[in-house]
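# Geometric and topological summary
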Amino acid sequence: MKRITLQIFLMALFLTGTSFGQTNPNKENLDQDRAAVLRILESYKEALQNLTTEGTLELFAKDSEVFESGGVEGTYQHYLDHHIGPELGHFNSFRFSDYTIEVKVELPFAFTTESYDYTIGLKSENGGEGKTISRKGVATTILKKTDGDWKIVKMHNSSRNNGKN
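Residue numbers run consecutively from 1 along every chain, following the written order of its sequence. Two thresholds apply to this predicted model, a pLDDT of at least 70 for residue-level local features and 80 or more for giving and counting side-chain atom pairs, whereas whole-chain, interface and lining totals are computed over all residues. Side-chain measures were taken over the full set of non-hydrogen atoms in the model, leaving aside hydrogen atoms and water.

## Quick look at the pairing of strand E1 (residues 60-68)
- Here the rule is simple: two strands pair whenever DSSP picks up at least two bridges between them. Every helix listed is a DSSP run of H or I at least four residues long, and every strand listed is a run of E at least two residues long, numbered separately from the N terminus. Pairing of E1 with strand E6 (residues 149-161), which is carried by five bridges, proceeds in the parallel orientation. The partner of Glu65 across the bridge, within E6, is Lys154.
- Taking the residues between adjacent antiparallel strands as the criterion, E1 and strand E2 (residues 71-74) are bridged by two residues, where Ser69 takes a positive phi near 45°.

This is the structure in structure tokens:
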């Protein structure tokens, strides 16, 4: 009888996905993690709209990976030094609109999908009016919580013409 009771108990644990020592984060903790992830992505978006990269390096893990429109950009530090950093110097403006984000927290990771339109006002090379670029974009980002801090470990973004150019 004890053996049958133990088997039933173990089967119940298996079927419910519960085991000793495993913690189930409560809704409040998941809501706090979700809010922290949203703050990180909002900080990154705000920096771009302010045409700066100041403070963005701390949002990324040192061994992060950035992928953009079919290209492997390397770590965020490399992307910062060789792509987005210099590129922002050619912009008069960078604005997001119709922005939506989905966040799924599966500790110690969070997975996000952002969709948006963006408009970039380019500086003129000859003193005239600069060109405007309007695109539809999407980004997927994986963040990892380590020692209580969320960091971006992978970011992939791509865009396509939205017909507004």
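## Concerning the pairing of strand E4 (residues 109-122)
- In terms of strand pairing, strand E3 (residues 91-106) meets E4 through 13 bridges, oriented antiparallel. Looking at E4, one finds that Ile101 is bridged to Glu114.
- Sheet topology places E4 next to strand E5 (residues 132-146); 13 bridges connect them, and they run antiparallel. Residue pairing across strands places Phe109 opposite Lys144, the latter belonging to E5.

## Overview of the pattern of salt bridges
- Throughout this description, the term salt bridge denotes a Lys or Arg side-chain nitrogen within 4 Å of a carboxyl oxygen of Asp or Glu. A full pass over the atoms with the stated rule returns six salt bridges.
- For Asp31, the salt bridge goes to Lys27, with nearest N and O atoms at 3.0 Å. Of this pair, Asp31 and Lys27 are both found in helix H2 (residues 27-49), four residues apart, which corresponds to roughly one turn of the helix.
- Classification of Asp31 by relative accessible area gives partly exposed; the value is 38%.
- We note a salt bridge from Glu42 to Lys45, for which the minimum N-O separation is 3.5 Å. Of this pair, Glu42 and Lys45 both sit in helix H2, three residues apart, which is roughly one turn of the helix.
- Three labels apply to residues, based on accessible area from a 1.4 Å probe with only protein chains included: buried if under 20% of the type maximum, exposed if over 50%, partly exposed otherwise in between. Its relative accessible area of 30% is what places Glu42 among the partly exposed residues.

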